[in-house]
Amino acid sequence: MAAGRGVAAEACVGQVVLPGDVLLLPTQPDEDGERLRLGASAAPRGRLLCGPGLRRCAAGLLVTKCGLLRHRQAGGGAAAGGAYWVDSQQKRYVPVKGDHVIGIVTAKAGDVFKLDVGGSEQASLSYLAFEGATKRNRPNVQVVGDIIYGQFLVANKDMEPEMVCIDSSGRSSGMGLIGQDGFLFKVSLGLIRKLLAPKCEIIQELSQLYPFELVLGMNGRIWVKAKTVQQTLIIVNILEACEYMTAEQRKQALAKLSGN
Amino acid sequence: FMQRGLDSQTKKQLEEEEKKIISEEHWYLDLPDLKEKESFIIEERSFMPCEDLLYGRMSFKGFNPEIEKLMIQMNSRCKEEEIEVDDKMEADVSDEEMARRYETLVGTIGKKFLRKRDQRVLQDEDEDGNSNTRPSKKAKKKFLKPQD
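Residues numbered from 1 in each chain as written. Chains lettered and ligands numbered in written order. Predicted model: local features only at pLDDT ≥ 70, side-chain atom pairs only at ≥ 80, totals over all residues. Heavy atoms only, no water.

Chemist: Report on the overall build of chain A, specifying residues and quantitative values.
Modeler: A tally of regular secondary structure across chain A gives five helices and 17 strands. Going through the 260 residues of chain A one by one, you find that 43% of them count as buried. Considering only contacts within chain A whose residues lie at least 6 apart along the sequence, 60% involve residues at least 24 apart. Counting every atom, chain A has about 14000 Å² of accessible surface; 53% of that belongs to carbon and sulfur. (Helix = DSSP H or I, 4+ residues; strand = E, 2+ residues; numbered from the N terminus. Buried < 20%, exposed > 50% of the residue type's maximum accessible area, 1.4 Å probe, protein only. Contact = heavy atoms within 4.5 Å. Areas by Shrake-Rupley, 256 points an atom, 1.4 Å probe, with all protein chains shown as cover.)

Chemist: I'd like a description of the nonpolar core, backed by residues and values.
Modeler: Residues and elements named next belong to chain A. In this structure, L125, L195, L206, L214, I222, V224 and L239 are the most contacted members of the largest nonpolar core, which totals 65 residues. In this view, I222 contacts I102, F183, L184, F185, V187, I192, L195, L214, V215, L216 and L239; residues no more than four positions away in its chain are not counted. Counting 15 residues, the second-largest nonpolar core is a separate cluster that includes C12, V17, L25 and L69. (Core = buried A, V, L, I, M, F, W, Y, C linked by side-chain atoms within 4.5 Å.)

Chemist: Tell me about the interface of chain B and chain A, residues and numbers included.
Modeler: Contact residues are listed per partner, giving 31 residues for chain B and 51 residues for chain A. In total, chain B and chain A occlude about 3900 Å² of area from one another, counting both sides; carbon and sulfur atoms represent 61% of this. Counting every contact that joins chain B to chain A gives three salt bridges. With a closest N to O distance of 3.9 Å, A:R72 and B:D52 form a salt bridge. Where chain B packs against chain A, one counts 18 residue pairs in polar contact (both at pLDDT 80 or more). (Buried area = accessible area lost by both parts, 1.4 Å probe. Salt bridge = Lys/Arg side-chain N within 4 Å of Asp/Glu carboxyl O. Polar contact = N/O pair within 3.5 Å; in protein donor to acceptor, adjacent residues only side chain to side chain.)

Chemist: Before we move on, can you summarise the sheet that holds strand β15 (residues 183–186) of chain A with the specific residues and values?
Modeler: One open sheet holds the four strands; their spatial order is β15(A)-β17(A)-β16(A)-β2(B), and the pairing between them is antiparallel. Where the open sheet ends on each side, the last strands, each with one partner, are β15 of chain A together with β2 (57–60) of chain B. Direction aside, the axes of adjacent strands within the sheet are offset by 20° on average. With four bridges joining them, β15(A) and strand β17 (residues 221–226) of chain A adopt antiparallel strand pairing. Residue pairing in the sheet places A:F183 in a bridge with A:V224 of β17(A). Each of β15, β16 (212–216) and β17 of chain A touches helix α4 (residues 229–241) of chain A; the most contacted strand, β17(A), lies at about 150° to it. (Pairing = 2+ DSSP bridges. Axes fitted to C-alpha atoms, helices over the stretch in contact; angles between N-to-C directions.)

Chemist: Explain the pattern of salt bridges to me, and be specific about the residues and the numbers.
Modeler: Evaluation of the coordinates by the stated rule reveals 11 salt bridges over all chains. Here A:R221 ties to A:D116 by a salt bridge, and the two come within 3.2 Å at their closest N and O atoms. Note that A:R221 is positioned in strand β17 and A:D116 in strand β10 (residues 112–116), a separation of 105 residues in sequence. Each of the salt bridges in this network shares a partner with another, and the network as a whole consists of A:R70, A:D87, A:R193 and B:E51.

Chemist: Please set out the state of the cysteines residue by residue, giving values where relevant.
Modeler: Here the structure, examined in full by the defined rule, presents zero disulfides over all chains. Just so you know, A:C242 is unpaired, no disulfide at all, and the nearest cysteine sulfur is the one on A:C200, 7.5 Å from it. (Disulfide = S-S within 2.5 Å.)

Chemist: Pulling in residues and values, what's your account of unusual backbone geometry?
Modeler: Positioned with a positive phi, A:S173 is a non-glycine residue whose angle comes to about 40°. Here A:S173 lies in the loop between β13 (162–164) and β14 (176–177). Using a relative accessible area of 12% as the deciding quantity, one classes A:S173 as buried. Although it is not a glycine, B:D52 sits at a positive phi angle of roughly 55°. With respect to the helices and strands, B:D52 occurs in the loop between α2 (48–51) and β2.

Chemist: Describe in detail a nonpolar patch on the surface, supporting the description with residues and values.
Modeler: All names here are of chain B. Among the surface-exposed residues, Y102, L105, V106, I109 and F113 lie close enough to one another that they form a single nonpolar patch of about 550 Å² accessible area. Mapped onto the fold, F113 is located in the loop between α5 (95–112) and α6 (116–144). For F113, a relative accessible area of 65% gives the class exposed. (Patch = residues over 30% accessible without salt bridge, like charges linked within 9 Å, V, L, I, M, F, W, Y side chains within 5 Å.)

Distances and angles like these do not, on their own, reveal function.
Okay, here's the thing in C-alpha cells:
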C-alpha cells in the first residue's frame, strides 16, 4: 500500500496536506489506558473536533481535501477540546447543516419556496419558517428573485436541503427576507471565511469609509447596500479584489478612496 | 346503538390477540452488544465551530441600527466572559448627584410628617435665613452691576 505510516498530526499544522494522508494523534493509546483506570470520568480531555476536510479512520485522521492543516488548542470556556481542520479553497458550495446562507427564491411549490443556494439541489423553505408566520399571516415573499438569509435545518447528501429563517428559540435573529436595493455578488468560499474571522482587517478598514450594510452567506454570496450606487459599487469592487491583494495594496487602495 | 358497543368489545379482543401474537414473534438480537469504542473524535462538516466565525449580517456607521444591535448581541454570545466584567457600566446618574438629590429628598419628605409646631419653627428659621442673605445678595448685585 502506498499509504504507508501516518504522520503525527501536530507536526503538520500549517503545512500542506493532500487527500490520503493519515494523521496520527499521539495521545490515543494513553487515553485508552486512562479510561480504564479512571472509569466514568467526565473530563473530555481527549475530545477532538474533526473539522471539514478530515475524516476519522482506524489509525487517526484521514485527510480528504488538499489544503493547509489548521489546529486550535483545547481550552476556552465555551469550546471544549482542540480542533483540527483543513483550510481549503473552493468556489462550489456544499450545503452543511447550521450554515447561514443567502438564497434566491426561484419558485413557489404549494406551501414551500424553492431557493437557489448554489449547491447541487435547490433548497426548500416552508413559509411557516419565518418569525411570526401563521397560516393566515404569510410572509411577504414574492417569487421574482427575492433574497433570503436563512440557515440550513437539514443538509446531507441523501436528502434535499431544507432551510429555515428562525433559530431554535423561534426568533428570527436577523434572518429572513433581505430588503430592497443593494447588490448581490459571488466570491469564493475561502474569502467569506476570511471576512468572517473574528478580527478581520478588511472589514474593519471598510467600516471606516462610509456607512453600509453587509450580509455574508457561507455559500459565497455577499449582499452589500450603501447610500449611493457609487459607494455600493466601490465596496463590491474592493471585496472582490481583496482576495488577491496584499495588505499594503489594500491599504493603498483604501487611502486613495478616502482621499477622494 | 348496542352494536357499536359490541364492535368496540370485539375490537379490544382482536387487539389483545394481536398483541399476544406480536410478542411471541417479536424478534430480538441474539448478538452481544458491540462494545462501542468511546470515540472522542467528533466529526464536523461546518466551519463555524472551528474558526469561531462571526455572524453574517453586519452594519456599519449606523446604516441599520437594528442590525447593529443584533451584531452586539450575537458577538457577545461568543464572548460572554467580557460582558460579565463590564457589568458595572456607566450609570445614568452619577453617585454624587444621587447623594445630593437624596439629601434634599429626605428633607422635603421629612417636612411632610412634622407636626404643626415644628413646621412653624421651620418657617421662622427660613425667614431668618432669608433676611440674613438678602443684604448680602443686594450687596452682591450691586457688585455685579458695573461691567465696564
